[in-house]
Amino acid sequence: MTKPLKLLSIAAMASTMLATAPLSAQAGGVLRLDEVAVGELDPAIASDYADSILMFNVYDTLVLPAQGAPGHVPHLAESWEGDGTSYTFKLRDDVKFVSGNAMTAEDVVFSLDRMKAMGKGLSYLFANVEKAEAVDASTVTFTLTKPYAPFVASLLRLPIVDKQTVMANLGEGEGEMKDWGAAYLTSTSAGTGAYRIVSHNPQEETVMEKNPDYFLGVPAPAPDTARLRYGLEAATVRTLIAQGEHDIASQWLPPEVIKALAANGAQVLTESGTGAFYVKMNTTKPPLDDVNCRMAFAKAFDYGAAIKMIAVTDTVSQGAASTGAIPVGMFGANPADQVLTRDLEAAKLHLAECKYKPEDFTLEISWIAEVPVEERFALLMQANYAELGVKSEIKKLPWALFAEQVSKPENTPHLSQLFVNAVTGDPDTLLYGMYHSSAAGTWQSPEYLNDAEVDKQLEAGRTAATPEGREEAYAALNARLMEIAPTIYGYDRQSVFAASARVKVPALSDPSKAFGLDGMGFTFRLMEVAD
């Protein structure tokens with residue numbers, strides 16, 4: 001944990017070294033930012049936050065989230081219509097890939113076929129899509145095997161790739177399509193995006209520059225170059241910001257560091273989350289295979305202390321009190337005033353009903369090495385559970401090792417801390433990948449939950465024909481998850497970023513410009529950077 005003396009030192013540097021000049025309308029300069037995870041550039045493999053920043057800048061999709069409002073607006077598509085199982089999109093005719101090739105319906109079909117064939121990343125979003133067909137050069141039709149309510153939202157995660165370029169760069173592999181160009185797209189892009197790749201090292205840094213031929217144009221004040229670095233230590237990032245050598249820190253800086261930088265000139269940017277902080281319980285490993293033990297640990301968790309630990313300023317926090325399994329504002333969520341609170345007496349009663357006795361087990365509480373705030377939650381849980389007479393040990397795991405371990409239930413820790421978001425902004429992409437029995441063993445689903453009622457309501461949420469039907473399904477899902485307690489619902493999250501004064505990011509500072517999709521606030525063409 002950071003020592004107060006060091007914080008004062010950082011604050012002093014911030015006071016004297018942060019840029020304070022107003023932004024000019026001149027051409028943008030270099031934007032410098034970071035993320036904790038490695039950056040995956042191939043759109044068929046990408047899945048996490050760092051990947052999303054890359055995707056939203058070097059590729060485009062048929063639709064975009066509306067800014068400051070629910071719903072979706074045309075992007076590569078001019079318009080669309082659908083009846084639940086068939087959707088037809090009319091494409092723009094003025095879009096070119098960075099190669100210079102014109103984008104057509106064939107590229108859209110190829111992009112879907114490639115993602116489904118590779119079966120990685122977010123390909124599960126398109127499991128219900130039977131086929132895509134090019135009606136003509138500017139018209140594409142998707143046929144679904146059954147109604148799927150979030151289909152249009154899922155297209156936010158179908159970046160369109162240049163078929164001609166990929167076909168010319170197939171690597172080693174079996175069959176006609178060999179590797180589907182995976183080796184090529186791991187190091188460069190074949191998109192239509194506002195930025196193009198200059199260089200990409202997924203362990204260190206991706207450098208991007210403006211695409212002069214972007215179909216919407218890129219405003220002059222937008223950054224000319226963006227440098228996205230990976231895996232920087234929190235201490236390094238806060239020092240760079242204080243010295244005016246970094247522009248936007250990742251959301252994983254400890255809250256008191258953001259507060260210290262903000263007090264001395266840094267901006268505080270926010271992105272309202274479509275996700276939450278979850279403590280996942282491995283339901284296959286004793287004592288967590290007993291629902292009473294799980295309920296005991298959920299009741300004993302100090303939700304109030306957790307919220308205090310993530311406060312950045314008196315008015316800005318990295319989260320809000322949780323009301324249950326589904327974040328407030330989504331289908332099925334409990335009202336905002338029904339917040340979860342600690343109930344130690346109830347926890348003791350549940351533990352007494354558990355078939356395992358505290359003296360017979362030791363809980364393994366893990367935290368992700370790249371997210372230092374998680375160590376604090378691990379220590380909080382250790383203290384909370386000691387009050388129940390439960391022993392625990394804390395284990396620090398790098399992200400890559402954690403993702404590998406949770407692929408097998410016997411290697412998965414008792415308690416795993418995760419920040420999970422709806423990757424399309426729709427609750428289906430938050431909840432299905434965590435709780436459906438088919439998802440067990442992925443990084444999102446270390447609970448290994450297998451519950452028929454949960455599966456039933458998740459499927460109902462996907463297929464309900466009306467918003468009212470979806471609300472009913474997710475409310476039932478929420479109630480069931482609270483009843484069987486596979487997870488401790490820590491808080492609904494909000495991403496908070498410290499930034500230098502030389503950048504202007506309306507999508508992260510003006511609610512009327514905000515997107516309802518995590519990561520899209522980092523659309524570089526909508527930013528301004530002082531030269």
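Please refer to the structure higher up on the page.
Right, let's walk through the structure included here. Not measured: the values here are computed from a predicted model.

Some thoughts on helix 12 (residues 373–386)
Turning to step 1, where the next piece is worked out: For helix 12, with 14 residues, the first-to-last C-alpha span of 20 Å sits near the 20 Å given by 1.5 Å per residue.
Turning to step 2, where the next piece is worked out: Restricting attention to buried positions, one finds in helix 12 the residues Val373, Glu374, Arg376, Phe377, Ala378, Leu380, Met381, Asn384 and Tyr385.

Looking at the sheet that holds strand 9 (residues 205–210)
Turning to step 1, where the next piece is worked out: Taken together, the 4 strands give an open sheet; going across it, the order is 1-10-9-8, and neighbouring strands pair in mixed fashion. Of all the strands in the sheet, just strand 1 (30–35) and strand 8 (195–201) have a single pairing partner and so form its edges. Taking each pair of neighbouring strands and ignoring which way they run, the sheet shows an average axis angle of 20°.
Turning to step 2, where the next piece is worked out: Helix 2 (residues 49–58) contacts strand 1, strand 8, strand 9 and strand 10 (225–230) of the sheet and is inclined by roughly 165° relative to strand 10.

Side note on the nonpolar core
Turning to step 1, where the next piece is worked out: In this structure, Leu62, Phe89, Phe142, Phe151 and Ile248 are the most contacted members of the largest nonpolar core, which totals 79 residues.
Turning to step 2, where the next piece is worked out: Phenylalanine 89 has contacts with Leu62, Val63, Ala77, Ser79, Trp80, Ser138, Thr139, Val140, Phe142, Phe151 and Leu155, leaving out every residue within four places of it along the chain.
Turning to step 3, where the next piece is worked out: Ala276, Leu415, Tyr432 and Leu458 belong to the second largest nonpolar core, which has 64 residues in total.

Notes on helix 11 (residues 344–353)
Turning to step 1, where the next piece is worked out: Inspection of helix 11 places Leu344, Ala346, Ala347 and Leu351 among the buried residues, and these make up the whole buried set. Axial view of helix 11: buried residues confined to an arc of 155°, hence all on one face. More than 90 degrees from the buried face of helix 11, the exposed residues found are Glu345, Leu349, Ala352 and Glu353.
Turning to step 2, where the next piece is worked out: In this fold, the buried residues of helix 11 make contact with helix 9 (291–300).

Comments concerning the environment of valine 291
Turning to step 1, where the next piece is worked out: Within the fold, valine 291 resides in helix 9.
Turning to step 2, where the next piece is worked out: Residue classification places valine 291 among the partly exposed positions, given a relative accessible area of 33%.
Turning to step 3, where the next piece is worked out: A C-alpha to C-alpha distance of 8.8 Å links valine 291 and glutamate 483, two positions 192 residues apart in sequence.
Turning to step 4, where the next piece is worked out: Beyond its immediate stretch of four places on either side in the chain, valine 291 contacts Glu483 and Ile484.

Here is what the cut-offs are and how they apply
- Residues numbered from 1 in each chain as written.
- Predicted model: local features only at pLDDT ≥ 70, side-chain atom pairs only at ≥ 80, totals over all residues.
- Heavy atoms only, no water.
- Helix = DSSP H or I, 4+ residues; strand = E, 2+ residues; numbered from the N terminus.
- Expected span 1.5 Å × (residues − 1).
- Buried < 20%, exposed > 50% of the residue type's maximum accessible area, 1.4 Å probe, protein only.
- Pairing = 2+ DSSP bridges.
- Axes fitted to C-alpha atoms, helices over the stretch in contact; angles between N-to-C directions.
- Contact = heavy atoms within 4.5 Å.
- Core = buried A, V, L, I, M, F, W, Y, C linked by side-chain atoms within 4.5 Å.
- Arc of directions from axis to C-beta.

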